Amino acid sequence: MVKRRRSYETGHRPKFLAVVDDSVECAKAVRFAARRCARLGASIVLLGVITPPEHETWLGVGEVMQAEAEAEAEKLIEAAAEAVRTFAGLEPERVVRTGDKADEVVKLIESDEDISLLVLAAGVGRDGPGPLVSALAGKSAASFPIPVAIVPGHLEDEEIDALA
């Protein structure tokens, strides 16, 4: 039996989870999540996921690469946090994790039962919507524990504000 999430209880303040990366489309998803949070009185979590270094553990190179990746993730999250403050007047929760993006998204949702909506950016190029959207849709679309909002990267800011 599936456990009912706390985020669905009456009177509970939900959290939206936005996955932050260096794609152009990410800004659109963050804007949508921030605007929607402001309208619903929700809070927002910004997640950055670092891919672990593979074969660079010799002489501490792996640790240096990990530190650089964490700094870059923090920089991206701070830029997204500034957008959230601008669009919604909210201070977001920040999370950085290391591992497979799809797995880390699912783990965070499972560990924080306040999260009630996942907001993802979708690419609009020939390469498809992006690896995260494809991975989550393929792995767990039918059994995902919360709704997923996919924001296409071609939407104009006015369209995003109207939809949110």
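Located above this text is the structure these notes cover.
What counts and what doesn't
- Residues numbered from 1 in each chain as written.
- Predicted model: local features only at pLDDT ≥ 70, side-chain atom pairs only at ≥ 80, totals over all residues.
- Heavy atoms only, no water.
- Pairing = 2+ DSSP bridges.
- Helix = DSSP H or I, 4+ residues; strand = E, 2+ residues; numbered from the N terminus.
- Axes fitted to C-alpha atoms, helices over the stretch in contact; angles between N-to-C directions.
- Salt bridge = Lys/Arg side-chain N within 4 Å of Asp/Glu carboxyl O.
- Buried < 20%, exposed > 50% of the residue type's maximum accessible area, 1.4 Å probe, protein only.
- Core = buried A, V, L, I, M, F, W, Y, C linked by side-chain atoms within 4.5 Å.
- Contact = heavy atoms within 4.5 Å.
- Expected span 1.5 Å × (residues − 1).

**Q** An account of the sheet that holds strand 5 (residues 148–152) is requested, with residue identities and associated values reported.
**A** Taken in spatial order, the five strands line up as 3-2-1-4-5 in an open sheet, and their pairing is parallel. Lying at the two open borders of the sheet, with one neighbouring strand each, are strand 3 (93–98) and strand 5. Taking the axes of each pair of neighbouring strands and ignoring which way they run, one obtains an average angle of 25° across the sheet. Pairing between strand 1 (residues 15–20) and strand 4 (residues 115–122): four bridges, direction parallel. Bridge pairing links Lys-15 to Ile-115 in strand 4.

**Q** How would you summarise the pattern of salt bridges if you had to cite specific residues and measurements?
**A** Per the counting criterion, the structure on display carries 14 salt bridges. Linking Asp-112 and Lys-15 is a salt bridge whose minimum nitrogen-to-oxygen distance equals 2.8 Å. Separated by 97 residues along the polypeptide, Asp-112 in the loop between helix 3 (101–111) and strand 4 and Lys-15 in strand 1 bring together distant segments of the chain. Here Asp-112 matches Lys-15 in class, with each residue buried. Residue Arg-85 pairs with Glu-91 through a salt bridge whose shortest N-O separation is 3.0 Å. Of the residues examined, Arg-85 reaches a relative accessible area of 25% and is grouped as partly exposed. The network of salt bridges with common partners includes Lys-28, Arg-31, Arg-35, Asp-157 and Asp-161.

**Q** Explain the nonpolar core residue by residue, including any values.
**A** Membership of the largest hydrophobic core comes to 27 residues, with the highest contact counts inside it found for Val-20, Val-30, Phe-32, Ile-44, Leu-46, Val-84 and Val-119. Contributing elements (two or more residues each) for this core: strand 1, helix 1 (24–40), strand 2 (43–50), helix 2 (61–88), strand 4 and strand 5. Beyond its immediate stretch of four places on either side in the chain, Phe-32 contacts Val-119, Ala-149, Val-151, Ile-160, Leu-163 and Ala-164. Val-19, Leu-47, Val-49 and Ala-102 belong to the second-largest nonpolar core, a separate cluster that totals 17 residues.

**Q** Which residues make up helix 1, and what are the values?
**A** If you check helix 1, its first and last C-alpha atoms are 26 Å apart, about what 17 residues at 1.5 Å a residue would give, namely 24 Å. Every buried residue belonging to helix 1 is among Glu-25, Cys-26, Lys-28, Ala-29, Val-30, Arg-31, Phe-32, Ala-33, Ala-34 and Cys-37, and all of these are buried. Considering only its buried residues, helix 1 is in contact with strand 1, strand 2, helix 2, strand 4, strand 5 and helix 5 (157–163). Positive phi appears at Gly-41, one or two residues downstream of helix 1, with a value of about 75°.

**Q** Help me get a handle on the environment of Ala-149, residues and values and all.
**A** Structurally, Ala-149 can be placed in strand 5. Along the primary structure Ala-149 and Val-119 are separated by 30 residues, whereas in three dimensions their C-alpha atoms are 4.8 Å apart. Dropping the residues within four chain positions of it, Ala-149 is found in contact with Phe-32, Leu-117, Leu-118, Val-119 and Leu-120.

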